[in-house]
Amino acid sequence: MATVELRFSAQPEHVRTARLVAAAVARRAGVEEAVLDEVRLAVGEACSRAVGLHRSYGLTGPVRVILTEEDKSFSIEVGDEVPAPGGGSGEAVSGLDAALDPDTDTEDEMGLAVISGLVDDVEVTSGESGGTIRMSWPVSGSSDLP
């Protein structure tokens, strides 16, 4: 299992770099070429959301992006340091459920809705130490190679 970790200051101009890195690592992992645009867009939305949250709450810590290549899948986790309201329980909710939560703001709703539309396998968690959006995609028959 190969992992790449990227941390960047919560500045909008760094989101493009995160998208480029994610697409390059996804390509190397074996994600189909036709899906790379979805990877790029989903990572851009998740990173933009994390940057916006950090800036709204005045946090100076970095946004975390962890890209993991596994045998049959490629996953990306985008994490922020914004604690869940009320301390959070670390519970996972589907991206669509989070997007429809009336306690989230409109930009947050839109970002999560876009991610849910782009990625079939998405999980949004939130806890005391921050939130994470985990997305994964299948990789093409890399295990079929001799």
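In short, a report on the structure.

The rules behind the values
Residues numbered from 1 in each chain as written. Predicted model: local features only at pLDDT ≥ 70, side-chain atom pairs only at ≥ 80, totals over all residues. Heavy atoms only, no water. Buried < 20%, exposed > 50% of the residue type's maximum accessible area, 1.4 Å probe, protein only. Helix = DSSP H or I, 4+ residues; strand = E, 2+ residues; numbered from the N terminus. Pairing = 2+ DSSP bridges. Patch = residues over 30% accessible without salt bridge, like charges linked within 9 Å, V, L, I, M, F, W, Y side chains within 5 Å. Areas by Shrake-Rupley, 256 points an atom, 1.4 Å probe, with all protein chains shown as cover. Salt bridge = Lys/Arg side-chain N within 4 Å of Asp/Glu carboxyl O. Lys, Arg positive; Asp, Glu negative; His and termini not counted. Charge placed at Lys NZ, Arg CZ, Asp CG, Glu CD.

1. Structural notes on the pairing of strand β3 (residues 73–79)
Across a regular strand the side chains alternate sides, sitting on one face of the sheet and then on the other. Of all seven residues making up β3, five are buried, and the element is well covered by its neighbours. By the bridge criterion, six bridges tie strand β2 (residues 63–69) to β3 in an arrangement that is antiparallel. Its bridge partner being in β3, threonine 68 is matched across the sheet by serine 75. From the end of β2 to the start of β3, which pair antiparallel, there are three residues. In terms of strand pairing, β3 meets strand β6 (residues 130–138) through seven bridges, oriented antiparallel. Note that in β6 the partner of phenylalanine 74 across the bridge is tryptophan 137.

2. Notes on a negative patch on the surface
Where like charges cluster on the molecular surface, the negative patch consists of Glu38, Asp120, Asp121 and Glu123. As for its position among the elements, aspartate 121 is in strand β5 (residues 121–127). In this structure aspartate 121 comes out as partly exposed when scored by relative accessible area, which is 42%.

3. Re the pattern of salt bridges
Scanning the entire structure with this criterion turns up seven salt bridges. Notably, a salt bridge pairs glutamate 69 with arginine 28, separated by 3.6 Å at the nearest N-O pair. Note that glutamate 69 is positioned in strand β2 and arginine 28 in helix α1 (residues 15–29), a separation of 41 residues in sequence. By relative accessible area, glutamate 69 is classed as partly exposed at 23%. Put simply, arginine 49 and aspartate 80 hold a salt bridge, and the shortest N to O gap is 3.9 Å. Placement of arginine 49 in helix α2 (residues 36–56) and of aspartate 80 in the loop between β3 and β4 (92–94) is noted, with a sequence separation of 31 residues between them.

Nothing here speaks to function; it is all geometry.
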